[in-house]
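What follows is each chain in one-letter form.
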Amino acid sequence: MGVAALAPKGYKVFCVNVTLYVKPDRRDEFLQVIANNKLGTDTKEPLALEYTWGVSTKDPNTFHFQEKYKGEEGFKAHQAAPHFAKWEEFVKTDPFTKEPEVQLFEAS
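Residues numbered from 1 in each chain as written. Predicted model: local features only at pLDDT ≥ 70, side-chain atom pairs only at ≥ 80, totals over all residues. Heavy atoms only, no water.

### Topic: the sheet that holds strand β4 (residues 96-106)
Strand order in this open sheet of four strands is β2-β3-β1-β4, and the pairing throughout is antiparallel. This sheet does not close on itself; its edge strands, each paired only once, are β2 (48-55) and β4. Ignoring strand direction, the axes of neighbouring strands in this sheet form an average angle of 10°. Those strands touched by helix α2 (residues 71-80) are β1 (13-22), β2, β3 (62-70) and β4, and its axis lies near 125° from that of β3. (Pairing = 2+ DSSP bridges. Helix = DSSP H or I, 4+ residues; strand = E, 2+ residues; numbered from the N terminus. Axes fitted to C-alpha atoms, helices over the stretch in contact; angles between N-to-C directions. Contact = heavy atoms within 4.5 Å.)

Quick look at the structure:
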């Protein structure tokens, strides 16, 4: 059974894949902000299906994220959540060594 089959009727699974390149001196702060974002996503977002992240096996300051939501509406709700606002505040402080890589798509 595919992931799309898990979504309620009328929804397509909206997926977000992100790679972030964090400055070494900002790593600890980044980890705190991400832990808060994951906790909020997992416990307060009924349209969030999955919020998974991990550290690159090649670089301890490169992080990969895979997120899934019940439709694009779920992703928009994520972006409007208070825990995401804290993430946005962090992003404004120039914590990356290069631009994040973001892919958005619907699961088939």
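Moving on, there is more to tell.
### What about the nonpolar core?
By size, the foremost hydrophobic cluster in this structure holds 18 residues, and its most contacted members are Val16, Leu20, Phe30, Ile34, Phe65, Tyr69 and Trp87. Secondary-structure elements contributing two or more residues to this core are β1, α1 (27-44), β2, β3 and α3 (82-91). A total of five residues in this core trace back to one element, the largest contributor, which is β1. Not counting chain neighbours up to four residues away, the residues in contact with Phe30 comprise Leu20, Val22, Phe63, Phe65, Trp87 and Phe90. (Core = buried A, V, L, I, M, F, W, Y, C linked by side-chain atoms within 4.5 Å. Buried < 20%, exposed > 50% of the residue type's maximum accessible area, 1.4 Å probe, protein only.)

### Some details on the packing of aromatic side chains
On inspection of all chains with the given rule, the structure shows 11 aromatic pairs. When the ring of Phe30 is compared with that of Phe65, the centres are 6.4 Å apart and the planes differ by 90°; the resulting orientation is edge-to-face. Of the two residues, Phe30 is situated in helix α1 and Phe65 in strand β3; the sequence distance between them amounts to 35 residues. A centroid spacing of 6.3 Å and a plane angle of 45° characterise the contact between Phe30 and Phe90, whose relative ring orientation is tilted. Pair noted here: Phe30 is in helix α1 and Phe90 is in helix α3, with a separation of 60 residues, a long-range link. (Phe/Tyr/Trp six-rings, centres within 6.5 Å; stacked < 30°, edge-to-face > 60°.)

### Brief notes about the pattern of salt bridges
Enumeration over the complete set of coordinates arrives at five salt bridges. Notably, a salt bridge pairs Lys38 with Asp42, separated by 2.6 Å at the nearest N-O pair. Taken together, the residues Lys38 and Asp42, both in helix α1 and four residues apart, mark about one turn of the helix. Among the residues examined, Lys38 registers a relative accessible area of 26% and is labelled partly exposed. As a salt-bridge pair, Lys68 and Glu50 come within 3.3 Å of each other at their nearest N and O atoms. With Lys68 in strand β3 and Glu50 in strand β2, the pair connects residues that are 18 residues apart, well separated along the chain. (Salt bridge = Lys/Arg side-chain N within 4 Å of Asp/Glu carboxyl O.)

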